Every structure is written in structure tokens, then in C-alpha cells.
Amino acid sequence: MNESVKKIPSCVTMLQSLMPKLSDTKKVAGQYIIDHYLEIENLNITELAEVSGTSLSTIVRLTKDLGFKKYQDFKLNLVREIENPVGFFHEALKRDDTLETIKEKVFKSNSEAILSTLKSISEEEFEKAVELLANAKRIEFYGFGGSAAVALDASHKFLKIGVKCQALNDNDLQAMSASLLSEGDVVVAITHTGRNKALLYNLKLAREAGASVIVITNFGSSPVLKHADVTLFTTAQETAFKSDALSSRIAELTIIDALYVSIAFDRYEESNKNIGITRNATIGKKK
């Protein structure tokens, strides 16, 4: 029988991710929820404020930060995820797994990554990201290692619809380009851990030059958050080879797709026209 490790509800995962950005009072309430989320079902908003040592207004603001209109919506979502854990279990790969089992676990892990990330992304943060990208004079996608492939995929998609952009995966090139950015430019940094020192330095340069920074990352407590104007979190649980962040890469690509489609539909006629132009340009080379 396959062993499973229970995943905590996605709204709690998102709360963990948001903790570094919260005010001190919200952090107190947030930490109580993280530590006692199984007990929330039995607490109304007044009781939660009391046991967490905070106030009603703090709980209200915190639940809105999580994307819920009111506390009751947050509680119902939390209870539903706890009581209906389908899709919230992660099966670890074992060395004696058959090829069929490996295939099944990898597919399930990637599916989980997408669904969990969907529930964890803040609607407010996503809207901010779309607004920044829609109004950007220029977009640069930064990524190292496996994230470099995601950055390249992003630049390919956005270029097709006529957005001036490029993907950079070289430390020096990122630094040079970041230092020449200005207000109205946007950097999209893709990083699983958010701890790459070169990337942190280059994002610092970009913000000092006046550019805005959107970060796509899997860890809520990573240093990259201090350089982010907008953060979109993945919540992937890796099946194996954790350093390669396999499932997270799928989640990152899906976030990029959602941003790309949102921008394309925001300028539908122009995007459709540019897709035709860029497609014809590549076809012409092959004749």
C-alpha cells in the first residue's frame, strides 16, 4: 500500500506564504490559525479574536487578505477542505515503485500542484500583476536553472502578442539590464526557493532603477519577498528529487499561462493581429 502524507488546506498554506507581509497584529492571528486550524470550525469570529488575542477588525482584514469577503467564507472553505481531502494527499515515490506507479504518482503530483496553486493565489495580487504587465513599457523575465526555461517560455508567449520583452538567465546580463530599467518597466522573477543571491541582487538593482517586480515563488518566507511589489505563490509538494522542483515548474508555467491569456484578452484585437504577424514571420523563414 502506498504511504500518503496529508497536506494542510490550501488556504492555510496561502496564509503561511503571506505571513512575512502581514502587520504584527495580523501575524498573531495568522499564527494562531496556522497552529489551530483544525479547531476553527468551532469558533465564530468573536471567539477567534478572543482566543488569538487580537480583535474583530484584525480577523476581518486578515480574511480579506486571503481573498475571502468575510470570515464565514474563510471558515466554510477551510472546513470543506478538511472534511473533503480528495486531492489533498501527496504520495511519495519509492525506489521499488513500478513504472505504472511512478507514472501515476508524477501525473497526480503535477495535477495537485496546479489545483493547489490555483486556490492559493491571491485574487488581489493576481489582478495587480495583470495591471502591471498590461501597462508595462517593457517586461523582463528572470530565472536561473530550471526557472530559466519558464522565463524563456514566458517571453516566447508574450512576444507573440506584441509585448516588448526578453528572458535573461545570465547573472551579468540580468544585472546590466536591470540597472538600465526605469519606471514603467516590469521584471517577472521566477524562483522556486527565492534564495539565489545573484537574483536578489539583480532585483534590488531593478527596483532602484524604478522598475516594478513581480515574483513567482514557492516559499512564503524566502528573502526574495522583500524585493517584490507583487507575489504569486506556488504550493507544489514535490514527488521526488526536490532540488529539481519538478511539480513547481508546472505550477509556475501555469501561472505564466494565466497571466499571458489575461493580457491577450485585455487587448484582444491587437493580440490576435500580432499572433498572425509573428506566426507568418516564422513560417516565412521555413519556406
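Each remark here, short or long, concerns the structure printed above.
It should be emphasised that the depicted structure is a prediction, and the values quoted were computed from it without experimental measurement. (Residues numbered from 1 in each chain as written. Predicted model: local features only at pLDDT ≥ 70, side-chain atom pairs only at ≥ 80, totals over all residues. Heavy atoms only, no water.)

**Examining the overall build of the protein**
When its secondary structure is counted, the protein shows 12 helices and 7 strands. Considering the protein as a whole, with its 287 residues, one finds that 46% of them fall into the buried category. Intrachain contacts of the protein at a sequence separation of at least 6 include 70% that bridge at least 24 residues. For the protein, the exposed area adds up to about 15,200 Å²; of that, 55% sits on carbon and sulfur atoms. (Helix = DSSP H or I, 4+ residues; strand = E, 2+ residues; numbered from the N terminus. Buried < 20%, exposed > 50% of the residue type's maximum accessible area, 1.4 Å probe, protein only. Contact = heavy atoms within 4.5 Å. Areas by Shrake-Rupley, 256 points an atom, 1.4 Å probe, with all protein chains shown as cover.)

**Some details on the pairing of strand β7 (residues 230-233)**
Where burial is concerned, the two faces of β7 agree: the one with Val230 and Leu232 and the one with Thr231 and Phe233 are both buried. Two elements, strand β6 (residues 212-217) and β7, share 4 bridges in a ladder whose sense is parallel. Residue pairing for β7: Ile216 is matched across the bridge by Leu232. (Pairing = 2+ DSSP bridges.)

**Examining the nonpolar core**
Ranked by internal contacts, the top residues of the largest apolar core, which has 42 residues, are Leu15, Ile40, Leu48, Phe74, Tyr142 and Leu203. Sequence-distant contacts of Tyr142, that is, excluding residues within four places in its chain, are made with Ala151, Leu168, Gln174, Ser177, Ala178, Leu181, Val187, Val188, Ala189, Ile190, Leu199 and Leu203. Formed by 29 residues, the second largest nonpolar core is a distinct cluster that contains Ile121, Ala136, Val186 and Leu259. (Core = buried A, V, L, I, M, F, W, Y, C linked by side-chain atoms within 4.5 Å.)

**Concerning the pattern of salt bridges**
Enumeration over the complete set of coordinates arrives at 11 salt bridges. The partner of Lys128 in a salt bridge is Glu124, with the nearest N and O atoms 3.6 Å apart. On the criterion of helical spacing, the pair formed by Lys128 and Glu124 is a turn pair, its members being 4 residues apart in helix α7 (residues 123-134). Between Asp257 and Lys157 there is a salt bridge, with its nearest N and O atoms 3.2 Å apart. With Asp257 in helix α11 (residues 246-266) and Lys157 in helix α8 (residues 146-160), this pair connects stretches of sequence that are 100 residues apart. (Salt bridge = Lys/Arg side-chain N within 4 Å of Asp/Glu carboxyl O.)

**Considering the environment of Val215**
Along the chain, Val215 falls in strand β6. Taking relative accessible area as the criterion, Val215 reaches 0% and is therefore assigned buried. For the pair Val215 and Leu232, spaced 17 residues apart in sequence, the C-alpha to C-alpha distance is 6.2 Å.

**Observations regarding helix α9 (residues 171-179)**
Taken as a whole, α9 has its buried residues at Gln174, Ala175, Ser177 and Ala178. Buried residues along α9 sit in contact with β3 (138-142), β4 (165-168) and α10 (197-208). One side-chain oxygen of the residue at the start of α9 lies 3.1 Å from the amide nitrogen of Asp172, identifying that residue as Asp170. (Polar contact = N/O pair within 3.5 Å; in protein donor to acceptor, adjacent residues only side chain to side chain.)

**Focus on the pairing of strand β5 (residues 185-191)**
Among the 7 residues of β5, 7 are classified as buried, and the element is accordingly described as predominantly covered. Alternating residues of β5 divide into Asp185, Val187, Ala189 and Thr191 and Val186, Val188 and Ile190, and every residue in both groups is buried. As paired elements, β3 and β5 share 5 bridges and run parallel to each other. By the bridge assignment, Phe141 is partnered in β5 with Val188. Taken together, the 6 bridges between β5 and β6 define a ladder with parallel strand orientation. When the bridges of β6 are listed, Ile190 appears paired with Ile216. For the crossover from β5 across α10 to β6, the handedness is right-handed. (Right-handed = clockwise from strand over helix to strand, strands pointing away.)

**With respect to the sheet that holds β7**
Pairing within the open sheet is parallel, and its 5 strands lie in the order β4-β3-β5-β6-β7. Strands with a single pairing partner mark the edges of an open sheet, and in this sheet they are β4 and β7. Geometrically, the sheet is characterised by an average inter-axis angle of 15° between neighbouring strands, direction not taken into account. Relative to β4, β3 runs parallel, the two sharing 4 bridges. Paired with Ile139 across the bridge in β4 is Cys165. (Axes fitted to C-alpha atoms, helices over the stretch in contact; angles between N-to-C directions.)

**Structural notes on α8**
The α-helix winds at 3.6 residues per turn, so residues separated by three or four positions along the chain end up facing the same way. Between the first and last C-alpha of α8 there are 22 Å, a value that for 15 residues agrees with the 21 Å anticipated at 1.5 Å per step. Taken together, the buried positions of α8 are occupied by Ser147, Ala148, Val150, Ala151, Ala154, Ser155, Lys157 and Phe158. Where the residues of α8 are buried, they touch α7, β3, β4, β5 and α11. Gly162, located one to two residues past α8, shows a positive phi value of around 90°. (Expected span 1.5 Å × (residues − 1).)

**Re the environment of Leu133**
Residue position: Leu133 is located in helix α7. Once you skip the residues sitting within four places of it in the chain, Leu133 turns out to touch Ile139, Phe158, Val186, Val188, Ile214, Leu259, Ile263 and Arg267.

**Examining the packing of aromatic side chains**
Applying the stated criterion across every chain, the model contains 5 aromatic pairs. Ring plane angle 45° and centroid distance 6.3 Å describe the contact between Tyr71 and Phe74, whose orientation is recorded as tilted. Within this pair, Tyr71 and its partner Phe74 are both found in helix α5 (residues 71-83), separated by 3 residues, close to a single helical turn. Summarising the aromatic geometry, the rings of Phe158 and Tyr260 are spaced 6.0 Å apart at their centres and angled 65° between planes, so their arrangement reads as edge-to-face. Taken together, the positions of Phe158 in helix α8 and Tyr260 in helix α11 put the pair 102 residues apart, joining distant regions of the chain. (Phe/Tyr/Trp six-rings, centres within 6.5 Å; stacked < 30°, edge-to-face > 60°.)

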